[in-house]
Amino acid sequence: MALFRRNKKNGTAAAVMPRHIAIIMDGNGRWAKKRGLPRSFGHSAGAETFRTISRYCDSIGVEQLTVFAFSTENWKRPQDEVEGIMDLLRKYLRDSCAQLAEENVRLRFLGDTDRLPRDIQELIGKNRVISDACTGIIVNVCVNYGGRLDIVRAAQKLAQKVKNGEIQPEEIDEELFSESLWTRGLPDPELLIRTGAESRISNFLLWQSAYSELYFTDTLFPDFTPEKLDEAISWFAGRKRRFGGV
Ligand code: IPE
Ligand code: IPE
Ligand code: MG
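**Student:** So, the site of ligand 2: which residues are in play, and what are the values?
**Tutor:** Every residue lining ligand 2 is accounted for by Ile24, Met25, Asp26, Phe68, Ala69, Phe70, Asn74, Arg77, Arg194, Arg200 and Ser202. Here arginine 194 contributes a side-chain N or O atom positioned 3.4 Å from an oxygen atom of ligand 2. Contact distances for ligand 2 include 2.6 Å between an oxygen atom and a side-chain N or O atom of serine 202. When the free accessible area of ligand 2 is taken as 390 Å², the share hidden by the protein chains comes to 78%. Cavity membership is defined here by more than half of the atoms lying within 2 Å of grid points; on that basis ligand 2 lies in the largest pocket. No other element matches the 3 residues that strand E2 (residues 64–71) contributes to the shell around ligand 2. Partitioning the shell around ligand 2 into residue classes produces 5 nonpolar, 2 polar and 4 charged.

The following block contains the structure:
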């Protein structure tokens with residue numbers, strides 16, 4: 001029973017261990033700038049940190065990790081930066097094809113992936129097949145993801161079902177709406193972390209974070225370590241979650 005499982009590293013009881021952690025991985029560009037390097041170096045360093053953090057989450061019994069890697073607004077960036085990020089994604093997907101099964105990670109991509117370069121879409125498909133045979137931590141990577149787009153698309157899907165006569169408008173409730181989002185089937189994240197010293201959500205899981213505990217840290221994402229994640233989890237353990245009650 002999950003309640004009695006313990007964090008192998010810091011001893012936190014599972015009852016106060018979030019099942020689902022979401023991270024806005026921000027601060028890569030500033031990390032590079034501080035070192036006099038091009039922003040792309042920050043994105044590469046961030047990709048390494050992401051690997052370390054996802055392995056760590058698995059080792060401490062987190063069931064789901066959802067990370068914000070590229071937003072629907074990030075296309076506004078200079079073309080070479082966007083291409084650099086797509087190259088990193090390609091590399092990540094190629095490497096994971098070989099590693100997923102070994103690490104037993106279920107890798108998922110959330111967002112409008114149809115807008116990504118064709119070869120990346122194919123790699124995502126390949127990863128999906130390998131992932132489906134795995135049973136370990138679920139890692140959701142949000143790429144071309146926007147919380148508003150997620151909600152609008154869910155509304156479109158439901159409207160289409162009403163139009164087809166599959167459902168009645170009054171059958172649309174929170175549960176059905178949740179099941180129409182990209183995050184269908186996932187529990188809402190209990191803990192949402194943003195690195196990089198900004199205190200905003202920037203169009204991340206708008207619906208799903210209704211009752212998430214929000215943790216903002218000045219640490220730039222490439223400097224985010226398992227120890228820093230432990231600090232966030234310890235902070236989470238001290239929250240009183242009331243969900244509107246007393
Ligand atoms: C987050 O780091 C990664 C992406 C949004 C792709 P940034 O690139 O936003 O880094 P800063 O915020 O400019 O430092
Ligand atoms: C949020 O970071 C998106 C990701 C981390 C992928 P941004 O850097 O795009 O957000 P803003 O522009 O600071 O709000
Ligand atoms: Mg940023």
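Continuing now.
**Student:** I'd like to hear about the site of ligand 1, residue by residue, with values.
**Tutor:** Near ligand 1, the surroundings consist of 13 residues, among which Asp26, Gly29, Arg30, Arg39 and Arg77 are the closest. Interatomic distance of 2.9 Å between a backbone N/O atom of glycine 29 and an oxygen atom of ligand 1. At the level of elements, helix H1 (28–34), helix H2 (39–59) and helix H3 (79–103) are the ones that each hand at least two residues to the shell around ligand 1.

**Student:** Go over the side chain of glutamate 81 with me, naming the residues and quoting the values.
**Tutor:** Inspection of the secondary structure assignment puts glutamate 81 in helix H3. Classification of glutamate 81 as buried rests on a relative accessible area of 11%.

**Student:** Give me the lowdown on the packing of aromatic side chains, citing residues and values where you can.
**Tutor:** Applying the stated criterion to the full structure yields 10 aromatic pairs. Here a set of aromatic residues connected by ring pairs shows up, and it is made of Phe68, Tyr145, Trp182 and Phe204. When the ring centre of tryptophan 75 is taken as reference, the NZ or CZ atom of arginine 115 above it lies at 4.8 Å.

**Student:** How would you explain empty space enclosed by the protein if you had to name every residue and give the values?
**Tutor:** Tallied over the full model, the rule gives 1 cavity of 30 Å³ or more. Roughly 120 Å³ of volume is contained in the largest cavity. Contributing to the lining of the largest cavity are Arg51, Ser54, Arg55, Tyr92, Ser96, Gln99, Leu100, Glu103, Val105 and Val139. Among the secondary structure elements, those contributing two or more residues to the lining of the largest cavity are H2 and H3. Of the residues forming the lining of the largest cavity, the biggest block, 5 residues, is contributed by H3. Its residues placed into classes, the lining of the largest cavity shows 4 nonpolar, 3 polar and 3 charged.

**Student:** Could you give me a rundown of the nonpolar core, with the residues and numbers involved?
**Tutor:** With 40 residues, the main nonpolar core has Ile21, Ile23, Phe50, Ile193 and Leu229 as its most contacted residues. At 7 residues, the largest contribution of residues to this core is made by H3. Ala22, Leu110, Trp182 and Leu192 belong to the second largest nonpolar core, which has 11 residues in total.

**Student:** Residue-level account of the sheet that holds strand E4 (residues 138–145), with values.
**Tutor:** Read from one edge of the open sheet, 6 strands run E3-E4-E2-E1-E5-E6, paired in parallel fashion. The open sheet is flanked by strand E3 (106–110) and strand E6 (213–216), the only strands paired with a single partner. Across the sheet, the mean angle separating the axes of adjacent strands is 20° when strand polarity is ignored. As judged from the 4 bridges shared by strand E5 (residues 191–194) and E6, these two strands associate in the parallel manner. Its bridge partner lying in E6, leucine 191 is registered against glutamate 213.

About the thresholds
Residues numbered from 1 in each chain as written. Chains lettered and ligands numbered in written order. Predicted model: local features only at pLDDT ≥ 70, side-chain atom pairs only at ≥ 80, totals over all residues. Heavy atoms only, no water. Near = heavy atom within 4 Å. Polar contact = N/O pair within 3.5 Å; in protein donor to acceptor, adjacent residues only side chain to side chain. Areas by Shrake-Rupley, 256 points an atom, 1.4 Å probe, with all protein chains shown as cover. 1 Å grid on protein atoms, 1.4 Å probe; cavity = no way out; pocket = protein on both sides within 12 Å on 5 of 7 lines; lining within 4 Å. Sits in = over half its atoms within 2 Å of the grid points. Helix = DSSP H or I, 4+ residues; strand = E, 2+ residues; numbered from the N terminus. Nonpolar A, V, L, I, M, F, W, Y, C, P; charged D, E, K, R; others polar. Buried < 20%, exposed > 50% of the residue type's maximum accessible area, 1.4 Å probe, protein only. Phe/Tyr/Trp six-rings, centres within 6.5 Å; stacked < 30°, edge-to-face > 60°. Lys NZ or Arg CZ within 6 Å of the ring centre and 35° of its normal. Points joined across faces, edges and corners; volume = space filled by probe spheres on them. Core = buried A, V, L, I, M, F, W, Y, C linked by side-chain atoms within 4.5 Å. Pairing = 2+ DSSP bridges. Axes fitted to C-alpha atoms, helices over the stretch in contact; angles between N-to-C directions.

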